[in-house]
Amino acid sequence: MSGEPLPKLLDAKHLMAELGVTRAAAEAIMRQLPVARFDGMRKGYVRGGDVANLVAKPTFAKTEMAG
């Protein structure tokens, strides 16, 4: 290992708790990020830092066009 701390991994259940969102919202967030899946496990995980970066991105009102 490089000596760096491992990233915090979050599944949909933990995203719900961390962000205070519904399961559908947590799953939609996960679809926008790289997901880590491990052999023998169905569950996927996203990095906490990736979630923080996504949440920090600018958001737009319904009347505004993104991009």
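Read on for an overview of the structure. (Residues numbered from 1 in each chain as written. Predicted model: local features only at pLDDT ≥ 70, side-chain atom pairs only at ≥ 80, totals over all residues. Heavy atoms only, no water.)

1. A short note on a nonpolar patch on the surface
Heads up, the rule is: Like-charged residues within 9 Å of one another, or nonpolar side chains (Val, Leu, Ile, Met, Phe, Trp, Tyr) within 5 Å, are grouped into patches, provided each residue has over 30% relative accessible area and no salt bridge. Throughout, the Shrake-Rupley method with a 1.4 Å probe supplies accessible areas, and for residues the shown protein chains are the sole cover considered. Every case where a carboxyl oxygen of Asp or Glu lies within 4 Å of a side-chain nitrogen of Lys or Arg is listed as a salt bridge. Helix and strand assignments come from DSSP, with helices taken as H or I runs of at least 4 residues and strands as E runs of at least 2, each series counted from the N terminus.
Together, Leu9, Phe38 and Met41 make up a nonpolar patch on the protein surface, roughly 260 Å² of accessible area in all. Here phenylalanine 38 lies in the loop between strand S2 (36–37) and strand S3 (44–47).

2. A look at the layout of surface pockets
Counted only if it meets this: With a 1 Å grid spanning the protein atoms alone, the term cavity applies to any set of points in which a 1.4 Å probe fits but cannot get out, the term pocket to an open set with protein on both sides within 12 Å along at least five of seven lines, and the term lining residue to any residue with an atom within 4 Å of a point. Grid points are joined across faces, edges and corners, and a volume is the space filled by probe spheres set on the points.
Within this model, the largest pocket holds a volume of roughly 230 Å³. Per-element accounting of the lining of the largest pocket gives the leading share, four residues, to helix H2 (residues 23–31).

3. What to know about the nonpolar core
What tends to happen in soluble globular proteins is that the nonpolar side chains get buried as a cluster. The line we're drawing: Side-chain atoms within 4.5 Å are what join buried Ala, Val, Leu, Ile, Met, Phe, Trp, Tyr and Cys residues into a set we call a nonpolar core. Buried residues are those whose accessible area, probed at 1.4 Å on protein chains only, stays under 20% of the maximum for their type, while exposed residues exceed 50% and partly exposed ones sit between those limits. Contacts are residue-level and defined by heavy atoms, with any inter-residue pair within 4.5 Å sufficient.
With 10 residues, the main nonpolar core is built from Leu10, Ala12, Leu15, Ala26, Ile29, Met30, Leu33, Val46, Val51 and Leu54. Counting residues per element, the ones that place at least two in this core are helix H1 (12–19), H2 and helix H3 (48–56). The dominant element in this core, judged by the number of residues it contributes, is H2, at three residues. Other than its neighbours up to four places away in sequence, leucine 54 contacts Ile29, Gln32 and Leu33.

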